[in-house]
Amino acid sequence: MGWHNKVLRVNLTAGTCTPEPLNAEWAQQYLGQRGLATKYLVEEVDPKVDPLAPENKIIFATGPLTGTAASTGGRYSVITKGALTGAIACSNSGGYFGAELKMAGWDMIICEGRAAKPVYLFIEDGRAELLPADGLWGKSVWEVDEIIHRTHQDPLIRISAIGRAGEEGVMYAGVVNDLHRAAGRSGVGTVMGSKNLKAIAVRGTAGVRVKDPARFMQAAAAAKEVLAGNAVTGQGLPKYGTQVLMNVINEVGALPTRNHRDVQFEGAGHISGEAMHEPRPSDGKPNLVTNQACFGCTIACGRISRIDQKHYTVVNRPEYWSASGGLEYEAAWALGAATGVDDLEALTYANFLCNEQGFDPISFGATVGAAMELYDMGVITDAETGGLRLVFGSAEVLTTLAELTGRGEGFGREIGLGSKRLCEKYGHPELSMSVNGQEFPAYDSRGIQGMGLTYATSNRGACHLRSYTVSSEILGIPEKTDPLASEGKAGLVKAFQDATAAVDSSGLCLFTTFAWTLGDIAPQLDAACEGEWSVDRLLETGERIWNMERQFNLAAGFTAKDDTLPKRLLTEPAKTGPAKGKVNELPKMLPEYYQLRGWDAEGVPTGETLSRLGL
Amino acid sequence: MLRSLHIEPRKCTGCLQCEMACSYENEGVFNPARSRIKVFNFHEEGRMVPYTCTQCAEAWCLHACPVEAIVVNHATGAKEVLDSRCVGCKVCTIACPFGTVNYQQATGKVIKCDLCGGDPACAKACPTQAITYVDADWTGYDRMRAWASRTDAQPAAGTPA
């Protein structure tokens, strides 16, 4: 229960769709979604495989609570070896697609091989088939959504797809479902594109059952009360979305600006959550139309925005006048502060394009920021850019590059490489603000020390969603720690990493943990699916998942040398704000972290650690 | 006193908790495909709208049914389908002007909202009070009250704003 015990294996080379039983034993050890699908991947894929080779696999996985009435119980993850990083990749998304897959009677889809010609996977309850995608290839996510609904004459189908970015080999292409929810990071869409798999369309009517319905409904109701009564999940997130953070992070001097040259952005107020509520001078309407929930979510942090029709980006282009997915904090930061652009409408337009063509706004914006620095230094010139003047703060450059990158054209092809490959190509690898090829999100680790360790040790390259110590260091959840101190952060990072790996394997949204502890989550899982699920067991499962991911990366060729940060963050002090004069103190935190993890000095899990975790 | 489901689309976030609660209450399964209430997402406008049976006083479905399988529950005012009588002819689905009676392939019967016998699960599950269960004669109460609160907020004649 909680599970259908049914996995769909899709062999794209052979063109077959075959059901098989879920490995119930693994589900007890790895829970679901991130943990369970990663277990399948490490068992079936050589860690050294080229991410874009047919031998790589891409898994779409739900958790045991996906499709239940648990608040936020609609998540799914895309697991593969990442195109951008060459490391284990697991990108999580909301919307309605994950729940629909579960409603159709499937826990997971494993896609392997490569189709000879573009195809899409169509699932109607127990029936699954690969259909030709000739009419879809070359189309955007939004066009694909419209065409599939029309072709099958069914408005209730839910669709997850790649846009042109995933076809054109943009290294950070994402998988986008329900028009504007995305498994955005690490290039999971690039892998999907390499397999000639354009989309997965699902219609499900089978439904989802849980082990002990009465106990589950009680646990879920109690947990919903906690979310409603919490200031962050009950008020801040519904009103401002994650964008509630823009002004906060700027104030604490941890808003990376212009490729991390600065830690505060003078334009932050113009691109903040508050600004999205302000009526525009041009048309008197705010950028924000409404908030929206994903499946089952009682928080509803999603932003739905509308671009000013008179803005230069959309004049006489009514196709961009409709409401669609608006700016979340990470996207607003990357498209804005990282590039020095403070035009809210331009950022919204660039964000629309990221959804429309399926590419990650974090990596895109950060890569544009790196290119702007290289242009500022005279390393990239007009000759390379085709005359585009890549100056920091230019909204026109940002939106033009978003158009070009999404279509794989012109200088957009260079931006599509990601900052690591771009900066290496131009002889300045140190200017890529990334770890293991993946660009930083919106927190400068000089001003929030724990995030430096978070980034350096993240199993999927730089990422805030592997251990969001911002919660503790800035927001005081579950308890306040000093963001400028590195002492004690090793333990904090480990605790967040293990708990997060469990949440990501449950079918729930990580944002619940602003209010929930594992003590709120365990009773819901325990009532929904087989196994005695306690807080301790969830933490142990999270630690097991973390070490399994680490083992995959080590086998792929990563070493302790890769657990580091760009020179800038370790040697160039923050210029302003509360963190003025600080660098990130990673060397002080890392050895303690290895020790707490039960890893040797080379960052390799000891035999004792592995056997304790049953690995 | 009869109560009505009162829907305020402006408050709906599209979370579908109402659909889950409905299918669980009536079918014992989480399954929007078996829900008697449905949330429509007009995504181009950023509008989510829950919609279900309004329990017409002169119900088209009830009058159209050839086997008298749709009956009035006088305690709640709900028009309820009697599964033991329903023959799945679907005439009621044609008669209903609003589309809120629907056939179920799985059972060969029709389903519609029955107000859960007077304690509708959708209203209890809605996290934003977009769906409430209120005095049937006063579904306009909150809206009247909101406008009423503005009538004496205007500046009196002769005083500056």
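Residues numbered from 1 in each chain as written. Chains lettered and ligands numbered in written order. Predicted model: local features only at pLDDT ≥ 70, side-chain atom pairs only at ≥ 80, totals over all residues. Heavy atoms only, no water.

Asks: Tell me about the domain arrangement of chain A, and name the residues and values.
Replies: Residue and element names in this part refer to chain A. Segmentation of chain A into domains returns domain 1 (6–203), domain 2 (240–438) and domain 3 (466–514 + 534–612). Distance between the C-alpha centres of domain 1 and domain 2: 26 Å. Of the residues lining the interface, 38 residues belong to domain 1; the matching set on domain 2 comes to 39 residues. Surface buried jointly by domain 1 and domain 2 totals about 2,900 Å² across both partners, of which 54% is contributed by carbon and sulfur atoms. (Domains from an automatic or database assignment. Contact = heavy atoms within 4.5 Å. Buried area = accessible area lost by both parts, 1.4 Å probe.)

Asks: Tell me about the nonpolar core, residues and numbers included.
Replies: Grouped burial of nonpolar side chains is what soluble globular proteins tend to show. Ranked by size, the top nonpolar core spans 183 residues in total, and within it A:Ile123 and A:Tyr443 carry the most contacts. Residues A:Tyr40, A:Val45, A:Met548 and A:Phe552 belong to the second largest nonpolar core, which totals 24 residues. (Core = buried A, V, L, I, M, F, W, Y, C linked by side-chain atoms within 4.5 Å. Buried < 20%, exposed > 50% of the residue type's maximum accessible area, 1.4 Å probe, protein only.)

Asks: Tell me about a nonpolar patch on the surface, residues and numbers included.
Replies: Residues B:Phe40, B:Phe42, B:Tyr51, B:Trp60 and B:Phe98 make up a contiguous nonpolar surface patch of roughly 500 Å² in combined accessible area. Positionally, B:Phe98 belongs in the loop between helix 3 (91–95) and strand 6 (102–104). (Patch = residues over 30% accessible without salt bridge, like charges linked within 9 Å, V, L, I, M, F, W, Y side chains within 5 Å. Areas by Shrake-Rupley, 256 points an atom, 1.4 Å probe, with all protein chains shown as cover. Salt bridge = Lys/Arg side-chain N within 4 Å of Asp/Glu carboxyl O. Helix = DSSP H or I, 4+ residues; strand = E, 2+ residues; numbered from the N terminus.)

Asks: Help me get a handle on the side chain of A:Ser486, residues and values and all.
Replies: All names here are of chain A. Along the polypeptide, Ser486 turns up in the loop between helix 19 (470–475) and helix 20 (489–503). On the basis of relative accessibility, which here comes to 5%, the residue Ser486 falls in the buried class. In this view, Ser486 contacts Gln449, Glu585, Lys588 and Met589; residues no more than four positions away in its chain are not counted.

Asks: Explain the pairing of strand 8 (residues 127–132) of chain A residue by residue, including any values.
Replies: Residues and elements named next belong to chain A. Pairing of strand 7 (residues 119–124) with strand 8 involves six bridges; the strand directions are antiparallel. Each bridged residue has a counterpart across the sheet, and for Phe122 the counterpart in strand 8 is Glu129. If you look at the hairpin formed by strand 7 and strand 8, you'll find two residues sitting between the two strands, and Asp125 has a positive phi there, around 50°. (Pairing = 2+ DSSP bridges.)

Asks: Can you explain the sheet that holds strand 8 of chain A? Please cite residues and give values.
Replies: Hydrogen bonds between backbone groups are what pair the strands of a sheet, and the pairing can be parallel or antiparallel. All names here are of chain A. Spatially, the six strands line up as an open sheet ordered 8-7-12-9-10-11, and their pairing is mixed. Each edge of the open sheet carries a strand with a single partner, namely strand 8 and strand 11 (181–183). The average undirected angle you get between the axes of adjacent strands in this sheet is 20°. Across the sheet, helix 4 (residues 141–152) touches strand 7, strand 8, strand 9 (158–161), strand 10 (175–177) and strand 12 (197–203), and the angle it forms with strand 9 is around 140°. (Axes fitted to C-alpha atoms, helices over the stretch in contact; angles between N-to-C directions.)

Asks: Break down the packing of aromatic side chains for me, with residues and values.
Replies: Two aromatic rings are characterised by how far apart their centres lie and by the angle between their planes. Residue and element names in this part refer to chain A. In this structure the tally under the stated criterion is 18 aromatic pairs over all chains. Ring geometry for Tyr594 against Trp599: centres 6.0 Å apart, planes inclined by 45°, an arrangement best described as tilted. Assessed through its relative accessible area of 6%, Tyr594 is described here as buried. For the cation-ring pair, Lys6 lies above Trp106, with the distance from its terminal atom to the ring centre recorded as 4.2 Å. Between Arg537 and the ring centre of Trp533, over which it is positioned, the NZ or CZ distance is 3.8 Å. (Phe/Tyr/Trp six-rings, centres within 6.5 Å; stacked < 30°, edge-to-face > 60°. Lys NZ or Arg CZ within 6 Å of the ring centre and 35° of its normal.)

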